[in-house]
Structure formats: structure tokens, C-alpha cells
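# Structural overview for review
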Amino acid sequence: MKTTSPNVKISIRKLFKVFGEDPVNILPLLYDGIDKAELQKSSGHVLALNNINIDIFDGLITVIMGLSGSGKSTLVRHMNRLIEPTSGKILMDGNDIMDYGDYELRQLRQNRMSMVFQKFALMPHQTVLENTLMAPIVRGENLEKATENGLRWLKRVDLEGSEQAYPHQLSGGMQQRVGLARALTSNAEIMLMDEAFSALDPLIRTSMQDLLLQLQQDLHKTIIHITHDLDEALKLADHLVILKDGFVVQQGEPQHILLKPSDPYIEEFVSDINRARVLKIRSVMEEGSRRKVSHGSINANISLETLIAIAEGDTSRSYEVEDGGNTIGTISMQEVFQALVRYDIQHK
Amino acid sequence: MLSYENIFDSLGLREWCDESQANSLMSLSQLRGDKIEWWELPFPSLDNLHKACSAIPQTRDLTASLETGFLAVRPSLRLVLDPLTQPLSWALDYTLLFFTTMPWWALVPLILLITQFVTKSSRITFLVAICFVFFLFIDHYTYAIQTLSIIFVCTVLCTLIGIPIGILMSKNDSAQRMITPVLDMLQTLPTFVYLIPLIFLFKITEPKLYGLAIMFYSIVPVIRLTNLGIRLVDKNLIEAADAYGMTARQRLVNVEIPLALPNIMAGVNQTIMMSLAMVVIASLVSAPGLGTLVLDGINNLRLGVGFVAGFGIVVLAVILDRISKTALARIDESRKI
Ligand SMILES: Nc1ncnc2c1ncn2[C@@H]1O[C@H](COP(=O)(O)OP(=O)(O)O)[C@@H](O)[C@H]1O
Ligand SMILES: [Mg+2]
């Protein structure tokens with residue numbers, strides 16, 4: 001788990017995006033706080049992003065979640081300027097990429113960002129290996145070295161032996177692993193993933209999530225992962241941003257959002273979650289307390305479900321919580337069971 | 001009384017009308033003093049108005065002045081167009097010379113090899129072999145080779161010129177808006193009609209005359225289908241190309257053209273078939289080949305000659321179509337998504 005507070009890699013400020021005939025003249029209305037439905041009705045413009053302010057942290061997985069049409073794809077495409085904002089700033093390591101010319105923008109896309117797509121977007125006329133080598137080929141690098149690198153990543157995503165196959169000969173899950181290998185071979189520090197796993201079957205999706213987490217343990221890339229699936233978001237996210245109708249409803253640590261949803265929309269979103277499995281002791285314990293406990297010490301990062309199993313369902317027990325050898329708090333089973341109750345019921 | 005004479009008179013234009021002819025003759029109806037009922041009044045065409053007022057030209061003056069106009073601009077047009085189109089004459093001349101002087105025992109196997117290479121189908125190679133044996137046997141081989149040479153040159157040039165135009169149209173909406181009506185016109189004009197300005201511009205013995213006629217007619221599909229093919233490339237793939245920072249050129253060469261290739265090749269197939277159709281008509285303007293035999297058959301009522309040559313053209317059409325369609329299907333096969 002992160003200990004020191006991470007650096008901000010990308011920060012987006014006051015970002016607005018309007019699709020339509022004359023977006024610039026619509027802007028004043030937006031500053032006055034018109035909402036998506038109103039704007040659509042009065043002028044036929046689509047408000048895709050409404051005053052977005054978010055930070056993407058270096059080396060962490062930031063998940064952007066929202067229902068379909070909430071502006072997730074539009075937002076992530078602003079980070080490499082596949083879509084131009086109507087107004088706003090996109091700062092990368094402190095530089096506004098809106099000031100970039102064609103050349104600088106291309107350099108940014110070639111060297112510092114990679115992308116994985118929902119529909120895979122593999123070149124059908126190229127082999128798996130050629131697809132994987134897209135970034136080094138675009139950069140004009142030495143092919144021999146690039147191939148070595150590409151083969152290494154293909155092996156890492158378990159595609160050894162399929163290098164000479166064409167994408168249409170592979171299953172969906174395998175195709176997306178090619179997409180992943182292509183992004184990794186680019187060696188870029190930032191990886192954008194637009195619903196990269198949404199088109200896959202549930203079992204394959206789970207294994208891809210595990211693969212991503214494994215890779216991230218070694219790579220510590222800055223990953224922006226888009227999903228409409230809360231389970232996936234909670235599994236992957238270090239930082240979670242929830243979008244609704246183009247604006248950010250809540251952002252923060254996933255556990256925190258789960259325990260303290262700031263909005264009925266999010267309450268509804270989180271109401272179906274298996275809280276026992278997702279919530280960790282760390283988020284529920286009484287921090288820094290030195291209460292007397294009935295039983296020994298447990299790790300801060302295990303889930304409530306595991307603790308209930310350890311406690312054999314006994315509601316009278318209490319434990320010390322330790323993290324990295326230090327005691328950081330205590331927890332009673334009563335607190336555990338209380339945390340299982342949905343927020344909206346707790347606060348009736 | 002109603003007549004055009006009266007109308008000119010009442011407008012006070014009589015003097016202007018008769019100016020050109022000092023002692024103007026009175027028109028027949030005036031002489032006769034005929035009374036024309038209103039329903040008998042003819043349409044005010046140039047010829048009818050001329051009768052009433054000789055200052056107005058007749059239709060025949062119009063065509064004559066067009067002709068003199070054409071002839072007047074001809075030298076300066078030729079000054080520009082001649083050097084531009086001369087390579088076409090050379091290409092046609094030398095290709096014809098090359099393929100007709102090449103001995104049959106070298107050229108036929110070469111054609112069979114190429115067929116086998118692009119189609120990878122021994123059935124089609126066999127079919128082509130049979131056809132050439134047939135042409136050789138009935139002494140139509142040289143004519144067939146002439147026709148094929150012309151088609152070869154025109155198709156290669158149409159492809160070289162048409163693909164860049166198609167790419168331009170796909171990248172630029174206003175270019176598309178401007179070029180599309182021209183393509184529509186080229187395709188709807190009866191083929192004989194645009195032989196006419198070409199005959200004005202070039203000597204009828206110049207190969208470029210029929211070369212241009214064929215190309216104008218047959219370049220259309222390759223342009224259209226290149227444009228369409230590139231516009232139809234999956235937007236997700238274009239996005240991926242952009243996301244990885246491809247330049248416009250890299251994207252065109254590595255993504256758009258390869259993915260549009262099935263459509264482009266379909267265009268080339270149509271271009272080949274349209275060249276064949278036009279090369280027959282172009283024998284009117286001295287294109288050599290099987291078409292001359294058909295023309296001879298029509299002009300001199302030698303039906304047998306015309307019939308056999310016509311059959312030869314059908315045979316050529318079949319093998320050209322088979323070869324290019326099979327090559328196309330092979331590309332499609334390797335590109336399926
Ligand atoms: N090119 C476009 N033109 C017009 N409206 C668009 C365009 N792209 C997206 N939108 C609109 O913007 C909103 C956000 O879309 P999108 O970012 O694709 O949502 P998500 O990825 O969350 O499903 C939607 O209302 C969508 O209809
Ligand atoms: Mg989307």
C-alpha cells in the first residue's frame with residue numbers, strides 16, 4: 001500500500017467539452033451552471049464534460065467510473081488530445097499540453113502514452129507481433145531490439161506461440177492481451193485503458209484484471225482505467241473518480257467512497273456491492289486506538305469477510321490491527337458488522 | 001396578326017434587324033401576306049427568329065462558331081496538352097511494339113506465370129492457357145495481344161493517377177464535392193460524345209487519342225472506390241494509429257491504404273473491364289486490336305469476321321474478370337477481421 005503521498009502526473013483543470021455546432025458560444029451558459037439536459041433541449045449541444053477537475057497520480061491506477069454516456073471515453077481522450085477540449089487545462093508534469101504543437105503532441109503520444117481500446121483496435125492486416133511493435137515502428141526504432149522487447153511482452157501476457165497469428169484467429173481475451181502487449185512494448189509511462197475489459201466474458205475479464213494488477217506490481221505505471229463496472233473499479237483502483245452526466249460526483253480512495261458516498265447516485269451504485277469482500281479492516285477500524293482486545297492481532301489489509309471467518313462469526317471478539325509490524329488501531333466485531341450495513345440504511 | 005416580324009417591328013428593332021443585310025429580302029410569309037393564326041406560331045427557335053430578323057444567328061452559325069472557336073484555341077491547348085500527353089503515346093506505342101514483337105512461346109508462358117502468381121489457382125491458369133491456344137489457333141493472337149497491351153497501359157496509368165485522386169478526395173471534403181460531379185459526368189456521358197473534343201485536339205492517328213478516351217472512361221471506378229475504401233476504414237483503427245502518434249503519412253501507408261486495398265482492387269477490376277469495353281469503341285479512332293476486326297465486320301458486312309472477333313472479346317473479358325476477381329478474393333481472404 002502507498003505510504004508517501006504520490007506525485008500528481010496529470011492534472012485536469014476546469015475542463016469543459018461540448019459537442020455541437022458552436023461550442024465556444026455555449027461556454028458562458030456553462031459557467032452559469034446549465035445542466036446537460038437543459039443544454040441539449042435549448043440548443044441541441046451535447047455537454048459531454050462539465051467542469052472537470054481531477055488529479056491523476058504517478059504510479060497508481062486511477063479508475064474513472066460512470067454509466068454509459070457519462071463522458072468517460074471523452075475524458076480519457078482529452079489526456080492525449082484525441083479530442084480537443086472546448087476550454088480548460090490539461091497539465092502533464094506541470095506543462096499544459098494544450099500549448100503543444102503538432103510535433104510535440106506526436107512526441108507525447110509516441111513516447112509517453114499508450115492506449116488500450118474497448119474494441120481492441122488491432123490492425124487486421126498485421127500479425128500479432130507486428131501489432132505489438134506498433135509504437136517502436138512508429139518511432140522508427142531499431143527493429144531487432146524492438147522485436148526482442150515485443151516478444152518479451154508477448155510472453156509476459158501469455159501469448160508465446162501466437163506471434164505470427166493474425167488477430168482474427170485469436171479469441172477476444174487473447175486479442176486484448178495483444179492490445180496490452182502493444183501498450184507495454186511502447187514502454188510509455190502512462191497507459192490509458194478505455195473500457196479495455198468490458199467486451200470480455202466475465203471469467204476472462206477477471207483474469208485480465210489479475211494480469212493487470214500483477215504487471216502493475218512490477219511496472220508502477222500511471223494507469224487511467226475506464227470502466228462502468230463497480231466491482232472492477234474497486235478491485236483495480238487506487239484512486240476512483242465517479243462521473244455522472246459529464247461531471248465528477250465524487251473522487252477519492254475507493255474504500256472511502258464506499259463508506260461515505262456523497263450523493264444518492266453513488267449510494268445506488270454501491271448498494272449492490274458485496275461489502276464484506278471489498279471493505280478492508282483498515283477502512284473500518286478505530287484508528288490509533290489502544291482499546292483492550294479479546295484476541296490477537298490481524299493484518300490491516302484483509303477484508304471484513306476474511307476477518308469474520310477468522311472470528312468464526314463470534315460478534316463479541318475484538319482484535320488489534322497491525323500493518324508492517326506496527327499496531328495502528330483496533331477493531332471490534334460489532335464495528336465489522338455495522339460496516340456491512342448499506343450506507344442508505346445506516347443513515348435512515 | 002401575330003408573327004415574330006410584328007413583334008420585332010413593334011419593339012422598334014426592325015432597323016437593327018435589317019442592318020446586317022443592306023437590301024433585306026422580305027420573308028416569304030411577308031411577301032405572301034400570309035396570316036398566321038396564333039396556334040400556328042412556331043417556337044421562337046434561333047432559326048425561326050432568324051427568319052423574322054436576320055440579325056439573329058441561325059443554329060448552324062452556332063455550331064460553326066463553336067467549331068471555329070475550338071479550332072482557334074486548339075493550337076494553344078495543344079501547346080500545353082501535347083507535352084503532357086505525349087508520354088501516353090510513347091507508353092502505348094512501345095508497349096504495343098514490345099508485346100507484339102515478343103515471340104508467342106515467350107509471352108504466353110509469361111502471362112500464365114503471372115496468372116498463377118496473382119490467382120494461386122491452377123484452374124484459372126489452365127483456363128487462360130486454353131484461351132491463348134484458341135487465339136493462336138484461329139490467328140487472332142496478335143489482335144488479342146494488342147488489345148491486352150492497350151488495356152495494360154491504360155489500367156496501370158489509371159491506377160497510378162486514380163489512387164492519389166481518390167486519396168485526396170477521401171481526405172478533403174471540398175475536393176470530394178468538386179470531383180464527384182466530374183466523375184458522374186464521365187460515367188454518364190455516352191462514350192462517343194467525349195471522343196469528339198479529343199478528335200478536335202489530337203490527330204486521329206495519335207495513340208494518345210484513344211488512350212485518353214479509354215482512360216477518361218475507365219479511371220472513374222478506381223477513384224471512387226479508393227475514396228470510399230479509405231473513408232470506410234474502421235474509425236477505431238484510425239484512433240489507435242493517432243493514439244500511438246503516427247504521422248498522417250504513416251497512417252496512410254500503414255493503416256488506411258492496406259485496409260482500403262480490397263476496395264481499391266475492386267475498383268481496379270472495374271477499371272480493367274471498362275477499359276476493355278472502351279478499347280473496342282476506340283477502334284473507331286484507330287486503336288488496334290480485336291475492335292478493328294469488329295469494326296471491319298460492321299463496316300463491310302463481314303459478319304463472320306465480326307462474330308469471331310466479338311467472341312474473342314468475350315473470352316478476354318472472361319479471363320480478365322476471373323483473374324482480377326480471384327486476386328481480389330485472395331486479398332479479402334487475408335484481410336477478414
Ligand atoms: N463525436 C460526438 N459528437 C456528439 N456527441 C458525442 C460525441 N462523442 C460523444 N458524444 C456524447 O458525449 C457524451 C459522453 O460520451 P462518451 O464519452 O462516449 O461516454 P461514455 O464513454 O462514458 O459512455 C454522450 O452523451 C455522447 O452522446
Ligand atoms: Mg465509452
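None of the values given here were measured: they were computed from a predicted structure.

Definitions and limits used
Residues numbered from 1 in each chain as written. Chains lettered and ligands numbered in written order. Predicted model: local features only at pLDDT ≥ 70, side-chain atom pairs only at ≥ 80, totals over all residues. Heavy atoms only, no water. Near = heavy atom within 4 Å. Polar contact = N/O pair within 3.5 Å; in protein donor to acceptor, adjacent residues only side chain to side chain. Areas by Shrake-Rupley, 256 points an atom, 1.4 Å probe, with all protein chains shown as cover. Helix = DSSP H or I, 4+ residues; strand = E, 2+ residues; numbered from the N terminus. Nonpolar A, V, L, I, M, F, W, Y, C, P; charged D, E, K, R; others polar. Pairing = 2+ DSSP bridges. Axes fitted to C-alpha atoms, helices over the stretch in contact; angles between N-to-C directions. Parallel < 35°, antiparallel > 145°, perpendicular 65-115°, else oblique. Contact = heavy atoms within 4.5 Å. Disulfide = S-S within 2.5 Å. Buried < 20%, exposed > 50% of the residue type's maximum accessible area, 1.4 Å probe, protein only. Phe/Tyr/Trp six-rings, centres within 6.5 Å; stacked < 30°, edge-to-face > 60°. Lys NZ or Arg CZ within 6 Å of the ring centre and 35° of its normal. Domains from an automatic or database assignment. Buried area = accessible area lost by both parts, 1.4 Å probe. Core = buried A, V, L, I, M, F, W, Y, C linked by side-chain atoms within 4.5 Å. Salt bridge = Lys/Arg side-chain N within 4 Å of Asp/Glu carboxyl O. Expected span 1.5 Å × (residues − 1). Arc of directions from axis to C-beta.

## Examining the site of ligand 1
Residues and elements named next belong to chain A. Around ligand 1 sit Phe-19, Lys-36, Val-46, Ala-48, Leu-67, Ser-68, Gly-69, Ser-70, Gly-71, Lys-72, Ser-73 and Thr-74, and those are all the residues in its vicinity. Within the backbone of Ser-70, an N or O atom sits 3.3 Å from an oxygen atom of ligand 1. For ligand 1, whose accessible area on its own is 560 Å², the fraction buried by protein is 61%. Those elements giving two or more residues to the shell around ligand 1 turn out to be strand 2 (46–57) and helix 3 (72–78). Looking at the shell around ligand 1 residue by residue, the class counts come to four nonpolar, six polar and two charged.

## Considerations on the pairing of strand 14 (residues 326–332) of chain A
All names here are of chain A. With two bridges joining them, strand 11 (residues 286–287) and strand 14 adopt antiparallel strand pairing. The residue bridging Glu-287 from the neighbouring strand is Gly-329, located in strand 14. In this sheet, strand 14 lies alongside strand 13 (residues 318–323) in antiparallel orientation, the contact comprising six bridges. Across the sheet, residue Asp-323 finds its bridge partner in strand 14, namely Asn-326. Counting the residues that bridge the hairpin from strand 13 to strand 14 gives two residues, and of these Gly-324 lies at a positive phi of roughly 60 degrees.

## Focus: the packing of helix 5 (residues 59–101) of chain B against helix 11 (residues 207–231) of chain B
Residue and element names in this part refer to chain B. Running from N to C, helix 5 and helix 11 point in directions that differ by 100 degrees, and their axes come no closer than 8 Å. Classified by the interaxial angle, the pair formed by helix 5 and helix 11 is roughly perpendicular. Between helix 5, through Asp-82, Thr-85, Gln-86, Leu-88, Ser-89, Leu-92, Asp-93 and Leu-96, and helix 11, the contact on the second element is made entirely by Pro-207, Lys-208, Tyr-210, Gly-211, Leu-212 and Met-215. Its residues assigned to classes, the contact of helix 5 with helix 11 comprises seven nonpolar, four polar and three charged.

## A short note on the state of the cysteines
Residues and elements named next belong to chain B. Applying the stated criterion to the full structure yields zero disulfides over all chains. Here Cys-154 is not cross-linked by a disulfide; its sulfur's nearest cysteine counterpart is in Cys-158, at 6.3 Å. Judged by relative accessible area, Cys-154 falls into the buried class, the value being 0%.

## With respect to the packing of helix 8 (residues 141–171) of chain B against helix 14 (residues 290–299) of chain B
Residues and elements named next belong to chain B. Between helix 8 and helix 14, whose axes approach to 7 Å, the crossing angle comes to 115 degrees. Seen from helix 8, the contacting residues are Tyr-143, Ala-144 and Thr-147; seen from helix 14, they are Leu-290, Thr-292 and Leu-293. Partitioned by chemical class, the residues of the contact of helix 8 with helix 14 number four nonpolar, two polar and no charged.

## Overview of the packing of aromatic side chains
Residue and element names in this part refer to chain B. The full count for this structure, using the stated rule, is eight aromatic pairs over all chains. When the ring of Phe-98 is compared with that of Phe-99, the centres are 5.3 Å apart and the planes differ by 70 degrees; the resulting orientation is edge-to-face. Phe-99 gets classed as buried once you look at its relative accessible area, which sits at 17%. Here a set of aromatic residues connected by ring pairs shows up, and it is made of Phe-132, Phe-134, Phe-135 and Phe-311. Between the NZ or CZ atom of Lys-120 and the centre of the ring of Phe-117, over which it lies, the distance is 4.5 Å.

## Comments concerning the domain arrangement of chain A
Residue and element names in this part refer to chain A. When its domains are assigned, chain A resolves into domain 1 (55–273) and domain 2 (276–346). Listed as interface residues are nine residues of domain 1 and, on the opposing side, seven residues of domain 2. Surface buried jointly by domain 1 and domain 2 totals about 840 Å² across both partners, of which 67% is contributed by carbon and sulfur atoms. Ranked by residues supplied to the side of domain 1 that touches domain 2, first place goes to helix 11 (residues 254–259) with three residues. Residues of the side of domain 1 that touches domain 2, tallied by class, amount to five nonpolar, two polar and two charged.

## Remarks on the sheet that holds strand 7 (residues 190–193) of chain A
Residues and elements named next belong to chain A. With mixed pairing, six strands are arranged side by side in an open sheet as 6-7-8-3-9-10. Two strands bound the open sheet, and with one partner strand each, they are strand 6 (113–116) and strand 10 (247–252). Between one strand axis and the next, the sheet turns by 15 degrees as a mean value, whatever way the strands run. Sheet topology places strand 3 (residues 61–65) next to strand 9 (residues 239–244); four bridges connect them, and they run parallel. Its bridge partner being in strand 9, Thr-62 is matched across the sheet by His-239. Across the face of the sheet, helix 4 (residues 102–112) comes into contact with strand 6 and strand 7 while running at roughly 65 degrees to strand 6. Contacts from helix 9 (residues 202–219) reach strand 3, strand 7 and strand 8 (222–227), with the element oriented near 165 degrees to strand 8.

## Quick notes on the nonpolar core
Counting 105 residues, the largest nonpolar core has Ile-10, Leu-75, Met-79 and Ile-331 of chain A as the members making the most contacts within it. If near-sequence neighbours (up to four positions away) are discounted, Leu-75 of chain A is found in contact with Ile-12, Leu-15, Leu-49, Ile-52, Ile-54, Ile-64 and Leu-243 of chain A. Membership of the second largest hydrophobic core comes to 68 residues, among which are Leu-92, Ile-219, Val-222 and Leu-252 of chain B.

## Focus on the pattern of salt bridges
Here the idea is simple: oppositely charged side chains can pair when their charged atoms come close. Applying the stated rule across the entire model yields 29 salt bridges over all chains. A salt bridge links Asp-229 of chain A to Arg-205 of chain A; the shortest N-O distance between them is 3.5 Å. Linking Asp-229 of chain A in the loop between strand 8 and helix 10 (230–236) with Arg-205 of chain A in helix 9, this pair joins segments that are 24 residues apart in sequence. Ionic pairing is found between Asp-242 of chain B and Arg-251 of chain B, a salt bridge with its closest N-O pair at 3.0 Å. No difference in accessibility class separates Asp-242 of chain B from Arg-251 of chain B, as the two residues are buried.

## Description of helix 7 (residues 122–137) of chain B
Residue and element names in this part refer to chain B. Relative to the 22 Å expected for 16 residues at 1.5 Å per residue, helix 7 spans 22 Å between its end C-alpha atoms, a close match to the ideal helical length. When helix 7 is considered as a whole, its buried residues turn out to be Ile-124, Thr-125, Val-128, Cys-131, Phe-132 and Phe-135. The buried side chains of helix 7 occupy one side of the element, clustering within an arc of 120 degrees when seen end-on. Opposite the buried face of helix 7, at more than 90 degrees from it, the exposed residues are Ser-122, Arg-123, Phe-126, Val-133 and Phe-137.

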